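Survey of secondary and tertiary structure
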Amino acid sequence: MMRERARRRNTQRPSVRRTRPAPVRWHGDALRGIMRIPPTASAPAMLRFYYSLAPNPMKVALFLEEAGLAYEAIPVDTRKGEQHAPAFRAINPNGKVPAIVDGDVAVFDSGAILLYLGEKTGKFMPPATPAARAPLLSWMFFVASGLGPFCGQAVHFEKYAPEKVPYAQKRYLFEARRHLSILDARLSSRRYMLGDDYTIVDMNVWGWARLAPFVLGDEGAWSSFPHLRRLVDEIAARPAAQRALALKERHAFKSEMDDEARRAMFQHL
């Protein structure tokens, strides 16, 4: 009789089919084929970092490595036009890298990402006082509105413009050098941009400043910026910076600046 009761209980118990979460394919003309597992209660979504090897994405890579954050590095090959894929434009309507997706939050522009991650983690940030935040914001925006754009335009008109424009070349090289000189003067009296502590401002500066000789087309450029070079060299020696730069080994980005690349990167042509 006991066996009969046990048999009845087993036949009445509903069957449970155990299944793994299905992988989710990232749809998009250029980003097709990236596989992800959707988040579960036991496996929260990993931060997704959309990058190329340009100066701005490398700043974010540096922070992610310094902070020890787990992230998925997703290459966006701008010379193939992957930044214009609808899937990526849904993250950054401006079609530029870097961008991150952190759970249900999307952030684009390197300065904004550094501020977001710094504030979220509390790492590499000055005290949360008006006196400390004022220079933080001032120098973050100095890089965003000055150093980055002028260095980028200097490189464009010297190396990639389809025609030589002497006025533009002269102006942007002058402004790139001027901004680098301001940073050098700032660092002449302090170890880091905000004083004694290494912060997101230093990471923000490092992205473009490490390329000063390339930007200015002058292999001897560092002789004009000894204090800035000290900072760049110190950051370059950090293990996190070496891991960030090692991203170049993970993906073979297109290197040719052919017609396809020019159409993708310079849409006004």
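As the structure is a prediction and not an experimental result, all values here were calculated from the model. (Residues numbered from 1 in each chain as written. Predicted model: local features only at pLDDT ≥ 70, side-chain atom pairs only at ≥ 80, totals over all residues. Heavy atoms only, no water.)

A look at the side chain of R79
Our working definition: For the purposes of this entry, the term helix denotes a DSSP run of H or I that reaches at least four residues, the term strand denotes a run of E that reaches at least two, and both are numbered from the N terminus. Working definition: with a 1.4 Å probe on protein chains only, accessible area under 20% of the residue-type maximum means buried, over 50% means exposed, and in between means partly exposed. In this tally, Lys and Arg are treated as positive and Asp and Glu as negative; His is ignored, and so are the chain termini. Any carboxyl oxygen of Asp or Glu that lies within 4 Å of a side-chain nitrogen of Lys or Arg is treated as forming a salt bridge with it. Each polar contact in these results corresponds to two N or O atoms within 3.5 Å; when the atoms are within protein, one needs to be able to donate a hydrogen and the other to accept it, and residues that are neighboring in sequence are counted only if both atoms are side-chain atoms. We call two residues contacting when some pair of their heavy atoms lies within 4.5 Å.
Tracing the backbone shows R79 in the loop between strand 4 (71-75) and helix 3 (86-89). Here R79 is buried and forms no salt bridge, its nearest opposite-charge partner D77 lying at an N-O distance of 6.4 Å. Within the structure, R79 has its side chain in polar contact with the backbone oxygen of S255 (distance 2.5 Å). If we skip the residues at most four places from it in the chain, R79 touches Y160, K254, S255, E256, M257, E260, A261, A264 and M265.

Quick notes on the sheet that holds strand 5 (residues 99-102)
How we decide: A strand pair is defined by DSSP finding two or more bridges across the two strands. For every element, the axis is a line fit to its C-alpha atoms; helices are fit only across the contacting stretch, and the angle between N-to-C directions ranges from 0 to 180 degrees.
Taking strand neighbours across the sheet as the criterion, the four strands line up as 4-3-5-6 in an open arrangement whose pairing is mixed. Only two strands of the sheet have a single neighbouring strand rather than two, namely strand 4 and strand 6 (105-108). The sheet shows a mean angle of 20° between the axes of neighbouring strands, direction not considered. Examined bridge by bridge, strand 5 and strand 6 share four bridges and lie antiparallel to one another.

Things to note about helix 9 (residues 226-236)
The cut-off we apply is this: This arc is built from the directions going out from the helix axis to the C-beta atoms.
Buried within helix 9 are the following residues: L228, L231, V232 and I235. For helix 9, the buried positions fall inside an angular range of 95° around the axis, keeping them on one side. Contacts made by the buried residues of helix 9 are with helix 2 (55-67), helix 6 (166-187), helix 7 (200-209) and helix 10 (239-245).

Considering the pairing of strand 4
Counting buried positions along strand 4 yields four of five residues, so the element is predominantly enclosed. In terms of strand pairing, strand 3 (residues 47-51) meets strand 4 through five bridges, oriented parallel. Considered in strand 4, the bridge of Y50 is made with I74.

Brief notes about the confidence of the model for the chain
Condition: pLDDT expresses how confident the predictor is about each individual residue, on a scale running from 0 to 100.
Here the chain averages 88 in pLDDT, and 84% of its residues register 70 or above. Across residues 32-38, where pLDDT falls below 50, the model places 24 contacts with residues more than four positions away in sequence or in other chains.

Overview of the packing of helix 2 against helix 4 (residues 110-121)
We count it as follows: Working rule for angles: under 35 degrees goes down as roughly parallel, over 145 as roughly antiparallel, 65 to 115 as roughly perpendicular, anything else as oblique. Classification convention: Asp, Glu, Lys, Arg as charged; Ala, Val, Leu, Ile, Met, Phe, Trp, Tyr, Cys, Pro as nonpolar; all other residues, Gly among them, as polar.
For the pair helix 2 and helix 4, the least separation of the axes is 9 Å and the interaxial angle reads 10°. In terms of orientation, helix 2 and helix 4 fall into the roughly parallel class. Along its contact with helix 2, which presents N56, K59, V60, F63 and L64, the element helix 4 presents S110, I113, L114, L117, G118 and T121. Considering only residue class, the contact of helix 2 with helix 4 consists of six nonpolar, four polar and one charged.

Some thoughts on the packing of aromatic side chains
Selection criterion: Each pair of aromatic rings taken from Phe, Tyr and Trp, with Trp reduced to its six-membered ring, is defined by centres within 6.5 Å and is described as stacked if the planes are under 30 degrees apart, edge-to-face if over 60, and tilted in the remaining cases. Either the NZ atom of lysine or the CZ atom of arginine qualifies as a charge over a ring when it sits within 6 Å of the ring centre and within 35 degrees of the ring normal.
Within the structure shown, the criterion is met by 11 aromatic pairs. Considering the side-chain rings of F63 and F124, the 5.8 Å spacing of their centres and the 75° angle between planes classify their relative orientation as edge-to-face. Placement of F63 in helix 2 and of F124 in the loop between helix 4 and helix 5 (130-160) is noted, with a sequence separation of 61 residues between them. The exposure class assigned to F63 is buried, which follows from its relative accessible area of 0%. With 5.1 Å between their ring centres and 65° between their planes, W139 and F142 make a pair best called edge-to-face. One end of the pair, W139, and the other, F142, are both in helix 5, three residues apart, so they sit about a helical turn from each other. Residue W139 shares its accessibility class with F142, and that shared class is buried. Among the aromatic residues, those joined into a ring-pair cluster are F49, Y51, Y71 and F253. It is R171 that lies over the ring of Y172; its NZ or CZ is 5.8 Å from the centre.

Remarks on the environment of R229
Among the structural elements, R229 can be located in helix 9. Overall, R229 belongs to the partly exposed group, its relative accessible area being 39%.

Points about the nonpolar core
We apply this condition: Side-chain atoms within 4.5 Å link the members of a nonpolar core, which is a set of buried Ala, Val, Leu, Ile, Met, Phe, Trp, Tyr and Cys residues.
Counting 61 residues, the largest nonpolar core has F49, V205 and L228 as the members making the most contacts within it. Beyond its immediate stretch of four places on either side in the chain, V205 contacts V143, L147, L183, M193, L228 and L231. Listed in part, the eight residues of the second largest apolar core include Y50, I74, F88 and I91.

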